[in-house]
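Read off the chains here:
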Amino acid sequence: QPGSSFKPLYYAQAMADGAITPATVFDDKLTNFNGYVPYNATRRWNGKVTTRKSLSWSLNIPSVLIMQKYGINRSIQAAKKLGISTLDENKNYGLSLALGSAEVRLSEMTNAYAAFANGGTQYESLNLITEVKDKFNKNVSWKAANTRQAISQGGAYLISSILSDNAARAGMFGSSLTVGGKTVAVKTGTTNDNRDAWAIGYNPQYVVGVWVGNNDNTVMRSGGSDMAGPIFKGTMSALLKGKADVKFNVPSGIVQRAVCRENGGARRSYHPRAPYR
């Protein structure tokens with residue numbers, strides 16, 4: 001189970017479709033969804049929070065509200081468009097799907113995040129070939145995997161903007177997932193009893209997916225940010241060492257607008273000019 005690492009898949013498409021924006025406000029409070037009563041990992045409530053804060057802090061109540069607003073079937077289709085093959089739209093997952101209750105493959109989850117890194121373009125299959133040489137030791141070209149637009153450029157950018165927002169994430173995770181001096185998007189995930197710990201992240205050049213767990217599915221002492229997070233951070237730091245920082249390109253369909261804060265004042269937030277389809 002991917003836990004909260006599943007959240008960006010439907011957040012991204014909901015923003016691409018204009019159902020929500022990074023500045024949409026949700027009420028983080030104890031909520032009974034027809035008998036389903038999820039809790040935040042901290043067992044605390046934060047009142048009114050934006051989409052950006054909801055995902056950056058990995059808050060569960062706003063995430064369930066977002067899936068409820070966007071729709072479970074549409075969320076499943078969003079994940080399938082991003083290459084997740086293990087979901088069945090005929091199965092009654094319920095709103096717990098918002099918190100990553102359905103099982104997925106690490107390779108497919110990592111490739112879904114790669115679509116965000118590539119501005120929405122995704123390679124349809126994993127290519128394990130890095131180089132081909134002929135008998136004269138010269139490089140030979142080979143047919144690359146086919147690509148497709150798994151999500152709009154606008155949707156890919158908006159989710160990347162949130163997941164790479166170190167300042168927004170710091171209130172919950174500090175700098176534990178920050179790769180110093182580099183623009184890197186990342187999301188962790190933890191399942192019940194810490195049986196699965198995830199950390200998946202990327203920049204425009206690389207994507208790294210980490211899963212930590214026991215072969216017999218026994219519990220671990222901690223979850224995604226503590227178990228998988230350091231592996232992700234160490235790997236990405238090594239990959240980017242000595243390289244210039246590469247930022248995510250802002251598509252032409254994305255603009256910055258002033259939005260009101262709940263406690264007064266205003267700030268800038270990214271929004272699509274019109275819903276992406």
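So, a few notes on the structure that sits alongside this text.

**Quick word on the packing of helix α1 (residues 7-16) against helix α6 (residues 153-163)**
Viewed as axis vectors pointing N to C, α1 and α6 meet at an angle of 125°, and their least axial separation amounts to 8 Å. One finds that α1 runs oblique with respect to α6. Note on packing geometry: the crossing formed by α1 with α6 is right-handed. Within the contact between the two elements, α1 uses Pro8, Tyr11, Ala12, Met15 and Ala16 and α6 uses Gly155, Leu158, Ile159, Ile162 and Leu163. A breakdown of the residues in the contact of α1 with α6 according to their chemical character gives nine nonpolar, one polar and no charged.

**Quick look at the pattern of salt bridges**
Enumeration according to the criterion identifies nine salt bridges in this entry. Put simply, aspartate 17 and arginine 74 hold a salt bridge, and the shortest N to O gap is 3.4 Å. Of this pair, aspartate 17 sits in the loop between α1 and β1 (25-28) while arginine 74 is found in helix α4 (residues 72-81), placing the two residues 57 residues apart along the sequence. Classification of aspartate 17 as buried rests on a relative accessible area of 12%. Judged by relative accessible area, which is 40%, arginine 74 ranks as partly exposed. Salt-bridge contacts for glutamate 124 lead to arginine 148; the nearest nitrogen and oxygen are separated by 3.8 Å. In this pair, glutamate 124 sits in the loop between β3 (121-123) and β4 (147-149) while arginine 148 sits in strand β4, placing the two residues 24 residues apart along the sequence. Under the relative-accessibility criterion, arginine 148 is labelled partly exposed at 27%.

**Thoughts on the sheet that holds strand β6 (residues 197-202)**
Here we have three strands laid out as an open sheet, ordered β5-β6-β7, and antiparallel in their pairing. Pairing within the sheet leaves two strands with one partner each, and these edge strands are β5 (185-190) and β7 (207-212). Averaged over all pairs of adjacent strands, the angle between strand axes in this sheet comes to 5°, irrespective of strand direction. One ladder, built from six bridges, connects β5 with β6; its direction is antiparallel. In the strand pairing of β6, lysine 187 is matched with isoleucine 200. Sitting on the sheet, α6 touches β5 and β6, and the angle it makes with β5 is about 75°.

**What about the packing of helix α5 (residues 106-117) against α6?**
Contact geometry for α5 and α6: axes closest at 8 Å, N-to-C directions at 105°. Judged by the angle between their axes, α5 and α6 are roughly perpendicular. Listed contacts from α6 to Tyr113, Ala115 and Phe116 of α5 are Ala156, Ile159, Ser160 and Leu163.

**Brief notes about α6**
Turn by turn, an α-helix covers 3.6 residues, leaving residues three or four places apart pointing in a common direction. Counting buried positions along α6 yields 10 of 11 residues, so the element is predominantly enclosed. Buried residues of α6: Gly154, Gly155, Ala156, Tyr157, Leu158, Ile159, Ser160, Ser161, Ile162 and Leu163, and no others.

**Considering the environment of leucine 177**
As for its placement among the helices and strands, leucine 177 is situated in the loop between α7 (166-173) and β5. Overall, leucine 177 belongs to the buried group, its relative accessible area being 2%. Remark: the alpha-carbon pair of leucine 177 and glycine 94, spanning 83 residues in sequence, is separated by 31 Å. For leucine 177, the residues in contact, after removing those within four places along its chain, are Arg169, Val186, Thr188, Gly229, Phe232 and Lys233.

**Section: the nonpolar core**
Considering soluble globular proteins, one finds that nonpolar side chains tend to be buried as a cluster. Judged by nonpolar contacts, the single largest core of 50 residues is most densely connected at Leu87, Ile159 and Tyr202. Elements supplying a minimum of two residues to this core: α1, α3 (60-70), α4, α5, α6 and β6. Broken down by element, the residue count for this core peaks at seven residues, all from α1. Among the nonpolar cores identified, the runner-up in size contains 16 residues, and Phe173, Leu177, Met227 and Ala228 belong to it.

The rules behind these values
Residues numbered from 1 in each chain as written. Predicted model: local features only at pLDDT ≥ 70, side-chain atom pairs only at ≥ 80, totals over all residues. Heavy atoms only, no water. Axes fitted to C-alpha atoms, helices over the stretch in contact; angles between N-to-C directions. Helix = DSSP H or I, 4+ residues; strand = E, 2+ residues; numbered from the N terminus. Parallel < 35°, antiparallel > 145°, perpendicular 65-115°, else oblique. Left-handed = near helix turned anticlockwise from the far one by under 90°. Contact = heavy atoms within 4.5 Å. Nonpolar A, V, L, I, M, F, W, Y, C, P; charged D, E, K, R; others polar. Salt bridge = Lys/Arg side-chain N within 4 Å of Asp/Glu carboxyl O. Buried < 20%, exposed > 50% of the residue type's maximum accessible area, 1.4 Å probe, protein only. Pairing = 2+ DSSP bridges. Core = buried A, V, L, I, M, F, W, Y, C linked by side-chain atoms within 4.5 Å.

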